[in-house]
Amino acid sequence: MSEVPGHSPAPRRVRVHHLREAKERGERLTMLTAYDAPTAQVFDEAGTDVLLVGDSLGDNFYGYSTTVPVTVDQMIHHTRAVTGAVRRALVVADLPFGSYEASPVHAHATAVRLMKEAGAHAVKFEGGRRVAPHVELLTGSGIPVMGHLGFTPQSENVLGGKRVQGRGQEAAEHLTEDALALQEAGAFAVVLEMVPAPLAAQVTEVLTVPTIGIGAGAQCDGQVLVWPDMAGLSDWSPRFAKAFGDLRGALGAAVTAYNAEVRSGAFPADEHSFDN
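Labelled according to an unreviewed UniProt entry, the protein chain appears under the name 3-methyl-2-oxobutanoate hydroxymethyltransferase, originating from Cellulomonas bogoriensis 69B4 = DSM 16987. Word for word, the UniProt comment on the protein chain under Catalytic activity (unreviewed entry) is "(6R)-5,10-methylene-5,6,7,8-tetrahydrofolate + 3-methyl-2-oxobutanoate + H2O = 2-dehydropantoate + (6S)-5,6,7,8-tetrahydrofolate".

Spelled out as structure tokens, the structure:
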């Protein structure tokens, strides 16, 4: 690509095959959730490989108690904002609860909307062998699919809450078989959420596609966090999350200073005003 004077060249867009190549080279992948343009731009400029427009926006953006109420229209709205802001990262959009389970055709219709109307580069949905036909239809139609195993938030009511999945030999074998089924169906990566670290390491070893861990130990090919947890914005974070900043404290300090200056008359000053 030729450079335009005064402009930096566009960075190479991360594609699904780049993730597999990174696994082959032993390079760790980074993934964060993103729900709007400003944060997506920051994460993209910082070099994050994958941005997930997760249905976690339900309990991290809208204040819902779970992800279940999130709609397809909401996912399209937020995905469009993220895809419009990034230049490098691969943008993956979740298929929300109730938008894909009924059949492969059901999943295909929802995924097409996220690709056409929102500009998603790929989609993600939960489940193992039961959704392998969905994955096969989508990938055969040109829609890249990321799988999601372990604790699957949309099934929280069936699973009995936020509980670690895959403990015990039978459960571990079941999860491994699910992961292999997703890979065979064409998934380009698999998220492992709240899975015992030894099991996640085993699944990572047997798969040729990357695993992305969240509460699944250090041996996955990459890691993902919900960004308010990562940045220290949440008032509560799960055990597996680490705050790499104190955005809640910094934002609170900024608002406190703003309120004080407005009330005292110090803001706006002359330099913040216009002359005739």
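We are not done yet, so read on.
Caption draft 1: Here's a closer look at helix H1 (residues 16-25). Every buried residue belonging to H1 is among His18, Leu19, Ala22 and Lys23, and all of these are buried. Buried residues of H1, seen end-on, are gathered within an arc of 145° and therefore sit on one face of the element. The outward face of H1, more than 90 degrees from its buried face, is lined by the exposed residues Glu24 and Arg25. Check the buried side of H1 and you find it contacts strand S1 (29-33), strand S2 (50-53), strand S3 (90-94) and helix H9 (197-206). Positive phi shows up at glycine 26, right after H1, with a value of about 80°.

Caption draft 2: Structural view of the packing of helix H5 (residues 104-118) against helix H6 (residues 132-140). At a closest axis distance of 8 Å, the pairing of H5 and H6 adopts a crossing angle of 45°. As far as their axial angle goes, H6 and H5 are oblique. The chirality of how H5 crosses H6 is right-handed. Contacts from Pro104, Val105, Ala107, His108 and Ala111 of H5 reach H6 at Pro133, His134, Leu137 and Leu138. Here the residues of the contact of H5 with H6 sort into seven nonpolar, two polar and no charged.

Caption draft 3: Seen up close, the UniProt feature "binding site: Mg(2+)" (unreviewed entry) in the protein chain. The feature "binding site: Mg(2+)" (unreviewed entry), as given by UniProt, occupies Asp55, Asp94 and Glu126 in the numbering adopted here. Across 72 residues of sequence, these annotated residues stay compact in space, with a maximum C-alpha separation of 11.2 Å. With respect to the helices, strands and loops of the structure, aspartate 55 is situated in the loop between S2 and helix H3 (57-60). Excluding residues within four positions of it along the chain, aspartate 55 makes contact with Thr67, Val70, Met75, Asp94, Pro96 and Gln154. For aspartate 94, a relative accessible area of 4% puts it in the buried group. Among residues more than four places away in sequence, those in contact with aspartate 94 are Leu52, Val53, Gly54, Asp55, Met75, Leu114 and Lys124.

Caption draft 4: Spotlight on helix H2 (residues 37-45). Looking only at H2, the buried set comprises Thr39, Ala40, Phe43 and Asp44. The buried residues of H2 occupy one face: seen down the axis, they fall within an arc of 135°. Residues Pro38 and Glu45 are exposed on H2 and point more than 90 degrees away from its buried face. Looking at the buried side of H2, the elements it contacts are S1, S2, helix H4 (72-83) and helix H10 (227-231).

Caption draft 5: Quick peek at the environment of threonine 176. As for its position among the elements, threonine 176 is in helix H8 (residues 169-185). As a C-alpha pair, threonine 176 and glutamate 21 span 155 residues in sequence and 22 Å in three-dimensional space. Setting aside chain neighbours within four positions, we find threonine 176 in contact with Leu199, Gln202, Val203 and Val206. At 3.5 Å, the side chain of threonine 176 and the side chain of glutamine 202 are in polar contact.

Caption draft 6: Local environment of unusual backbone geometry. Note that the residue after phenylalanine 267, namely proline 268, is joined by a cis bond; omega there is 5°. Among the secondary structure elements, proline 268 is positioned in the segment after helix H11 (247-264).

Caption draft 7: Seen up close, the nonpolar core. Counting 56 residues, the largest nonpolar core has Leu51, Val123, Phe125 and Leu192 as its most contacted members. If one sorts the elements of this core by residue count, H8 sits on top with five residues. Leave out the neighbours within four places in its chain, and phenylalanine 125 touches Leu95, Tyr100, Val131, His134, Val135, Leu138, Val145, Met146, Gly147 and His148. Core analysis: the second largest hydrophobic core is formed by 17 residues, Val14, Ala22, Leu90 and Val224 among them.

Caption draft 8: Looking closely at the environment of methionine 75. Following the sequence through the fold, methionine 75 ends up in helix H4. Among the residues examined, methionine 75 registers a relative accessible area of 0% and is labelled buried. Each C-alpha atom of the pair methionine 75 and valine 53 lies 7.5 Å from the other, and the pair is 22 residues apart in sequence. The contacts of methionine 75, once residues within four sequence positions are left out, are Val53, Gly54, Asp55, Leu57, Val70, Asp94, Pro96 and Leu114.

Caption draft 9: Here's a closer look at the pairing of S2. On S2, burial covers both faces: Val50 and Leu52 on one face and Leu51 and Val53 on the other are all buried. Sheet topology note: the S1/S2 ladder contains three bridges and is parallel. If you follow methionine 31 over to S2, its bridge partner there is valine 50. In this region the chain leaves S1, passes through H2 and returns to the parallel neighbour S2; the handedness of that crossover is right-handed.

What counts, and where the lines are drawn
- Residues numbered from 1 in each chain as written.
- Predicted model: local features only at pLDDT ≥ 70, side-chain atom pairs only at ≥ 80, totals over all residues.
- Heavy atoms only, no water.
- UniProt positions renumbered as here; feature names shortened; annotations may be inferred.
- Buried < 20%, exposed > 50% of the residue type's maximum accessible area, 1.4 Å probe, protein only.
- Helix = DSSP H or I, 4+ residues; strand = E, 2+ residues; numbered from the N terminus.
- Arc of directions from axis to C-beta.
- Contact = heavy atoms within 4.5 Å.
- Axes fitted to C-alpha atoms, helices over the stretch in contact; angles between N-to-C directions.
- Parallel < 35°, antiparallel > 145°, perpendicular 65-115°, else oblique.
- Left-handed = near helix turned anticlockwise from the far one by under 90°.
- Nonpolar A, V, L, I, M, F, W, Y, C, P; charged D, E, K, R; others polar.
- Polar contact = N/O pair within 3.5 Å; in protein donor to acceptor, adjacent residues only side chain to side chain.
- Core = buried A, V, L, I, M, F, W, Y, C linked by side-chain atoms within 4.5 Å.
- Pairing = 2+ DSSP bridges.
- Right-handed = clockwise from strand over helix to strand, strands pointing away.

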